[in-house]
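As a plain string of letters, each chain reads:
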Amino acid sequence: PAATGVQVAVRAAVNDAYRMGRSDGSLPGNMDLRPYLSVNSEFIRTALEGGDIPAANAMLGMPYAIRFAVQHGAGLGHTLGVPTINQLYPQGFQMPRSGIYITRTCINGVWYPSATGLGSRPTVNDDATKVTCETFIPGFSGNLYGTDPVVEFHAYLSPSKKFDTLDQLRDCINDAARRAQEYFA
């Protein structure tokens, strides 16, 4: 597989360390890799499409984030006890790989750990072309319809999958939320 922009940067820095007389290839203390990082949009798209959020974030210099209006959904999350905000990607906007992510969401200037599912919702939807972005924000209660909260992506957890029961789906959402809370603790 082709090297990511981050891998290229590290290789260049190690090569420089050799040229600087470090025979063991170790990097000088506090070496700034940014001058070695040649980033273009193709590298970032490739990282996002592969679910490599840390690499995408490193190349962007900040977390990959979306800010779309919250739409009404079917209310299934609320029924399951894991209410989600539903955001739809505009046509042509670069989406990361479908799956489950550790995210954090900014609401009225407050950041909340969150878990985001991006994809076709295979447990409750047979139309693979209908893609949604649903974020569960544990600890938040309120109406966000019509607002446009920022959702930052920090780590890819797993691909989307079809569960046999809604209880399994709820457990998956709660597990992802727990992992997000631990990530930001």
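Keep in mind it's a predicted model, so treat the numbers as computed, not measured.

Draft legend 1. Main features of the pairing of strand β3 (residues 84-87). Sheet topology note: the strand β2 (residues 70-71)/β3 ladder contains two bridges and is antiparallel. The residue of β3 that forms the bridge with Val70 is Gln87. With four bridges joining them, β3 and strand β6 (residues 132-136) adopt antiparallel strand pairing. When the sheet's bridge partners are listed, Gln87 is paired in β6 with Cys133.

Draft legend 2. Structural context of the packing of helix α2 (residues 41-49) against helix α3 (residues 53-60). Two numbers describe how α2 lies on α3: the axes approach to 7 Å, and their chain directions differ by 155 degrees. Overall, the two elements α2 and α3 adopt an arrangement that is roughly antiparallel. Seen along the crossing, α2 lies across α3 with a hand that is left-handed. Facing α2, whose interface residues are Phe43, Ile44, Ala47 and Leu48, α3 presents Ile53, Ala55, Ala56, Met59 and Leu60.

Draft legend 3. Molecular detail of α2. Those residues of α2 not exposed but buried are Ile44, Ala47 and Leu48. Along the axis of α2, the buried residues cluster in a sector spanning 100 degrees; they form a single face. Close packing links the buried residues of α2 with α3. Looking one or two places after α2, you find Gly51, whose phi comes out positive at around 75 degrees.

Draft legend 4. Expanded view of the nonpolar core. Formed by 22 residues in total, the largest nonpolar core has its most connected members in Ile66, Tyr89 and Phe153. Mapped by element, the contributors of at least two residues to this core are α2, α3, β4 (99-107) and β7 (150-158). It is α3 that contributes the most residues to this core, four residues altogether. For Ile66, the contacting residues outside a window of four places in its chain are Gln87, Tyr89, Phe93, Cys133, Pro149, Val150, Val151 and Phe153. Ile100, Ala115, Phe136 and Ile173 belong to the second largest nonpolar core, which has 14 residues in total.

Draft legend 5. Fine view of the pattern of salt bridges. As enumerated under the stated definition, the model contains six salt bridges in all. The shortest N-O distance in the salt bridge between Arg121 and Glu134 comes to 3.1 Å. Here Arg121 is found in the loop between β5 (110-119) and β6, whereas its partner Glu134 is found in strand β6, with 13 residues between them in sequence. Looking at Arg121, the relative accessible area reads 28%, which means it is partly exposed. On the accessibility criterion, Glu134 (17% relative accessible area) is buried. A salt bridge links Glu182 to Arg178, with the nearest nitrogen and oxygen atoms 2.8 Å apart. Here the residue Glu182 and the residue Arg178 both occupy positions in helix α5 (residues 166-183), the gap between them amounting to four residues, near one helical turn. For Arg178, a relative accessible area of 38% corresponds to the partly exposed category. Sharing partners across several salt bridges, the network here consists of Asp175, Arg178 and Glu182.

Conventions adopted
Residues numbered from 1 in each chain as written. Predicted model: local features only at pLDDT ≥ 70, side-chain atom pairs only at ≥ 80, totals over all residues. Heavy atoms only, no water. Pairing = 2+ DSSP bridges. Helix = DSSP H or I, 4+ residues; strand = E, 2+ residues; numbered from the N terminus. Axes fitted to C-alpha atoms, helices over the stretch in contact; angles between N-to-C directions. Parallel < 35°, antiparallel > 145°, perpendicular 65-115°, else oblique. Left-handed = near helix turned anticlockwise from the far one by under 90°. Contact = heavy atoms within 4.5 Å. Buried < 20%, exposed > 50% of the residue type's maximum accessible area, 1.4 Å probe, protein only. Arc of directions from axis to C-beta. Core = buried A, V, L, I, M, F, W, Y, C linked by side-chain atoms within 4.5 Å. Salt bridge = Lys/Arg side-chain N within 4 Å of Asp/Glu carboxyl O.

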